[in-house]
Amino acid sequence: GRGVEKDKWKNLYHMEEAAVRGHPNARYHLGSRELENGNTERARKHWIITATLGCDHSIAMLMEMFKVGFVSKEDLASVLRAHQPAI
């Protein structure tokens, strides 16, 4: 809100809690944060989980990671197969 200082650590804590409890958007955003911090492996893991839950944005990010070699063809195929029933 206005006049209130943002606490990035509290934000991260609550995002992680939501992700652990199955909130796909929270996990997707954790993946984005990991990528920004250079942790491509952790970002990939977050997006694989959310893609299997039906998140189209995660599929797009995994496709981009595949293009630059951070995701194997086998992993991408497996995620796409799991994504189909979820949507």
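What you see is a predicted model; the values in this text were computed from it and never measured.

Asker: Can you walk me through the side chain of serine 58 in this structure?
Answerer: Here serine 58 shows up in helix α4 (residues 56-67). We classify serine 58 as buried; its relative accessible area is 0%. Every residue in contact with serine 58, bar those within four places of it in the chain, is listed here: Tyr28, Trp47, Thr50 and Ala51.

Asker: What should I look at first to understand the pattern of salt bridges in this one?
Answerer: Where side chains of opposite charge bring their charged atoms close, a pairing between them can arise. Counted under the stated rule, the structure contains 5 salt bridges. One salt bridge connects arginine 42 with glutamate 34, and the closest N-O pair in it is separated by 3.7 Å. Classification of arginine 42 by relative accessible area gives partly exposed; the value is 49%. Taking relative accessible area as the criterion, glutamate 34 reaches 12% and is therefore assigned buried. For arginine 44, the salt bridge is made with aspartate 75, and the minimal N-O distance between the two is 3.2 Å. In this pair, arginine 44 is assigned in helix α3 (residues 40-52) and aspartate 75 in helix α5 (residues 73-86), connecting sequence segments 31 residues apart. In this structure arginine 44 comes out as buried when scored by relative accessible area, which is 13%. Residue class for aspartate 75 comes out partly exposed when judged on its relative accessible area of 32%.

Rules used in this analysis
Residues numbered from 1 in each chain as written. Predicted model: local features only at pLDDT ≥ 70, side-chain atom pairs only at ≥ 80, totals over all residues. Heavy atoms only, no water. Helix = DSSP H or I, 4+ residues; strand = E, 2+ residues; numbered from the N terminus. Buried < 20%, exposed > 50% of the residue type's maximum accessible area, 1.4 Å probe, protein only. Contact = heavy atoms within 4.5 Å. Salt bridge = Lys/Arg side-chain N within 4 Å of Asp/Glu carboxyl O.

Fair warning: the whole summary comes from geometry, so function is off the table for now.
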